[in-house]
Amino acid sequence: MNRAIFPLPVFLLPQGYTRLRIFEDRYMKMVKNALLQNTGFVLCTVAGFTDDTLLNEGVYVEIVDFSQDDAGQLLIDVYARNRVKIKNVHQDETGLRHGDIRVIDDPLWLYKEDEVSEFDATLSSMLESIFKRHPHLDSLYQEKSFTRPVWVASRWLELLPMETSQKEKLKSAQSFDQVTNFLHTILIEAE
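Residues numbered from 1 in each chain as written. Predicted model: local features only at pLDDT ≥ 70, side-chain atom pairs only at ≥ 80, totals over all residues. Heavy atoms only, no water.

## Description of helix H1 (residues 25–37)
Here is step 1 of the chain: The first and last C-alpha atoms of H1 sit 18 Å apart over 13 residues, in line with the 18 Å expected at 1.5 Å per residue.
Here is step 2 of the chain: Burial in H1 covers these residues: Tyr 27, Met 30, Val 31 and Ala 34. What you see down the axis of H1 is that its buried residues fit within an arc of 95 degrees, all on one side. Along H1, the residues that are exposed and aim more than 90 degrees away from the buried face are Asp 25, Lys 32, Leu 36 and Gln 37.
Here is step 3 of the chain: On the buried face of H1, the contacting elements are strand S1 (2–8), strand S2 (17–22), strand S3 (41–45), strand S4 (57–68) and strand S5 (74–91).
Here is step 4 of the chain: Downstream of H1 by a residue or two, Asn 38 has a phi angle that is positive, lying close to 55 degrees. (Helix = DSSP H or I, 4+ residues; strand = E, 2+ residues; numbered from the N terminus. Expected span 1.5 Å × (residues − 1). Buried < 20%, exposed > 50% of the residue type's maximum accessible area, 1.4 Å probe, protein only. Arc of directions from axis to C-beta. Contact = heavy atoms within 4.5 Å.)

Next up, the structure:
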């Protein structure tokens, strides 16, 4: 299937939500088409985006809500449905990129749900506390899964203030233990 591509320095993983401010005409057109056709678009994590940057992976997002900010700009809340591979990227006359996408069916990390560790439980309770202290974040997430360690780790990677390249490296980790060990070091040992 062919979808519009929105390159942004925003890191989002499946089951994540984020709010986007839309102001360029080409992206207004993208949002309008997504709403009219009841489809989504691809959000690509791109830091320092240039025309030479290869767009080969992203997340397929669907618009779940929209509003305006105080200045009248469009705000859209999107939900990340799937990771996708992107091929055959081209630009239309407005400069909006499009590409053929294929859903990546492989799990983000290998993890056995019955192996919840003490680290997982601690990371979960810390994240739940963050959501409670930040009502905007809490209201943005229509569905929360604090009991699922992969969901918790994904949200931590989205929220932590670190370089996109580091987040991408962790996203590509071979095992879930690598991710939780990193999060444990950053969040728990640092306290």
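## With respect to unusual backbone geometry
Here is step 1 of the chain: Positioned with a positive phi, Asn 38 is a non-glycine residue whose angle comes to about 55 degrees.
Here is step 2 of the chain: Within the secondary structure, Asn 38 is located in the loop between H1 and S3.
Here is step 3 of the chain: A positive phi angle, near 55 degrees, is found at Asn 88, a position not held by glycine.
Here is step 4 of the chain: If you trace the backbone, Asn 88 turns up in strand S5.

## What about the environment of Ala 34?
Here is step 1 of the chain: Here Ala 34 is to be found in helix H1.
Here is step 2 of the chain: Judged by relative accessible area, which is 4%, Ala 34 ranks as buried.
Here is step 3 of the chain: Here the alpha-carbon distance between Ala 34 and Arg 3, two residues 31 residues apart in the chain, equals 9.2 Å.
Here is step 4 of the chain: Those residues in contact with Ala 34 that lie beyond four places of it in its chain are Thr 39, Gly 40, Phe 41 and Ile 63.

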